Amino acid sequence: MSGRKRISVFASGFGSNLQALIDYNKKDDLGGDIVLVFSNNSGARALERARKNNIKAVFFDSEKFNTREDYDLEILKLLKSERIDLIVLAGYMYLLTPFIINGFKNKILNIHPALLPSFKGTHSIQEAFDYGVKISGVTVHFVDEMLDHGPIVIQEALNIGAEDTLQELEEKIHKIEHRIYPKAVKYFCKGELLIEGNKTKILKSKPER
Ligand code: GRF
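This section reports on the structure supplied with the text. All of these numbers come straight from a predicted model, not from anything done at the bench.

It is worth spelling out the environment of Phe14 at this point. You can see Phe14 is positioned in the loop between strand 1 (5-10) and helix 1 (16-27). Note on Phe14: relative accessible area 54%, which makes it exposed. Measuring from C-alpha to C-alpha, the distance between Phe14 and Ile108 comes to 20 Å, with 94 residues separating the pair along the chain. If we ignore the near neighbours within four places in the chain, the residues touching Phe14 are Arg45, Ala46 and Arg49.

Attention shifts here to the site of the ligand. Close to the ligand lie Phe14, Gly15, Ser16, Asn17, Gly91, Ile111, His112, Pro113, His174 and Glu177, which account for all nearby residues. Residue Asn17 places a main-chain N or O atom 2.8 Å away from an oxygen atom belonging to the ligand. One of the backbone N or O atoms of Ile111 is found 3.0 Å from a nitrogen atom in the ligand. When the ligand sits alone it has 370 Å² of accessible area, and the protein chains cover 82% of it. The residue inventory of the shell around the ligand, partitioned by class, reads three nonpolar, six polar and one charged.

Proteins that are soluble and globular tend to have nonpolar side chains buried together. Counting residues in each nonpolar core, the largest one holds 44 residues, and the members touching the most others are Ile7, Val9, Ile34, Leu109, Val153 and Val185. Looking at this core, the element that brings in the most residues is helix 6 (residues 166-189), giving 11 residues. Ile34 has contacts with Ile7, Val9, Leu18, Leu21, Ile22 and Ile55, leaving out every residue within four places of it along the chain. Counting residues in each nonpolar core, the second largest holds 22 residues, with Phe60, Ile87, Leu89 and Ile101 among its members.

On to the packing of aromatic side chains, then. Tallied over the entire structure, the rule returns 11 aromatic pairs. Ring geometry for Phe65 versus Tyr71: centroids 5.2 Å apart, planes at 85 degrees, classification edge-to-face. Stacked on the ring of Phe14, the Lys or Arg Arg49 has its end atom at 4.6 Å from the ring centre. Between Arg68 and the ring centre of Tyr94, over which it is positioned, the NZ or CZ distance is 4.4 Å.

In a pair of packed helices, the angle between the axes and the distance between the axes together describe the arrangement. Two numbers describe how helix 5 (residues 124-131) lies on helix 6: the axes approach to 10 Å, and their chain directions differ by 130 degrees. Accordingly, the angle class assigned to the pair helix 5 and helix 6 is oblique. Of the two possible hands of crossing, helix 5 and helix 6 adopt the one that is right-handed. Counting all contacts with helix 5, which are made through Ile125, Gln126 and Phe129, the residues of helix 6 involved are Leu166, Leu169, Glu170, Ile173 and His174.

This model, assessed by the stated rule, comprises 10 salt bridges. Here Lys201 ties to Glu196 by a salt bridge, and the two come within 3.4 Å at their closest N and O atoms. Residues participating in the shared-partner salt-bridge network are Arg4, Asp29 and Asp33.

Within strand 1, five of the six residues are buried, which leaves the element mostly enclosed by the surrounding structure. Pairing of strand 1 with strand 2 (residues 32-39), which is carried by six bridges, proceeds in the parallel orientation. Across the sheet, residue Lys5 finds its bridge partner in strand 2, namely Gly32. Each parallel crossover has a hand, and for strand 1 linked through helix 1 to strand 2 it is right-handed.

Thresholds, definitions, all that
- Residues numbered from 1 in each chain as written.
- Predicted model: local features only at pLDDT ≥ 70, side-chain atom pairs only at ≥ 80, totals over all residues.
- Heavy atoms only, no water.
- Helix = DSSP H or I, 4+ residues; strand = E, 2+ residues; numbered from the N terminus.
- Buried < 20%, exposed > 50% of the residue type's maximum accessible area, 1.4 Å probe, protein only.
- Contact = heavy atoms within 4.5 Å.
- Near = heavy atom within 4 Å.
- Polar contact = N/O pair within 3.5 Å; in protein donor to acceptor, adjacent residues only side chain to side chain.
- Areas by Shrake-Rupley, 256 points an atom, 1.4 Å probe, with all protein chains shown as cover.
- Nonpolar A, V, L, I, M, F, W, Y, C, P; charged D, E, K, R; others polar.
- Core = buried A, V, L, I, M, F, W, Y, C linked by side-chain atoms within 4.5 Å.
- Phe/Tyr/Trp six-rings, centres within 6.5 Å; stacked < 30°, edge-to-face > 60°.
- Lys NZ or Arg CZ within 6 Å of the ring centre and 35° of its normal.
- Axes fitted to C-alpha atoms, helices over the stretch in contact; angles between N-to-C directions.
- Parallel < 35°, antiparallel > 145°, perpendicular 65-115°, else oblique.
- Left-handed = near helix turned anticlockwise from the far one by under 90°.
- Salt bridge = Lys/Arg side-chain N within 4 Å of Asp/Glu carboxyl O.
- Pairing = 2+ DSSP bridges.
- Right-handed = clockwise from strand over helix to strand, strands pointing away.

Function-wise, these values are silent; they only describe arrangement.
Written out as structure tokens, the structure reads:
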């Protein structure tokens, strides 16, 4: 791996993780540039954030495609034409088909607001809270064909206090996300991640903080 990576962020909603990546790249260096933000939702705030930062923002309407595969093939064309090296999923709520997952094998990162393999799916923070776990956290992982699955890059845990509200837990989780996602993306862009089976080695471990 060499040179600056061309990154595409996929987001369906608010885009606070996208914003954290953009902000990080302004004061520090991800080792790559976010050149494309893609969404399946025309109203995604993430698209606005992209435009505000002069990043190409693209929406495809899934209803105009017969199948998910057709949809992903169109995205693949876009990714190829933009010479994308890395896909960063940041709240992308539309399942990827194997066309993209295999086309970008070991080149797709996802962030999940729980300690995988616990609390997979879309309501992880709420579910962890309702379950009453005393420790939860955030996982950044490579994406494979299974849901919320693939070699883990970074995990960070946090304690849930008896008095914590769901809202407080959400805020703490998002704060961790915004700190560790740029770190994981940077590891990738600098060529510091080595996948061996289901494990990811960070080649040049640097102090975390
Ligand atoms: C984050 O909690 C992320 O972990 C999950 O979706 C949420 C996206 O939030 N995959 P935002 O759109 O980045 O604010």
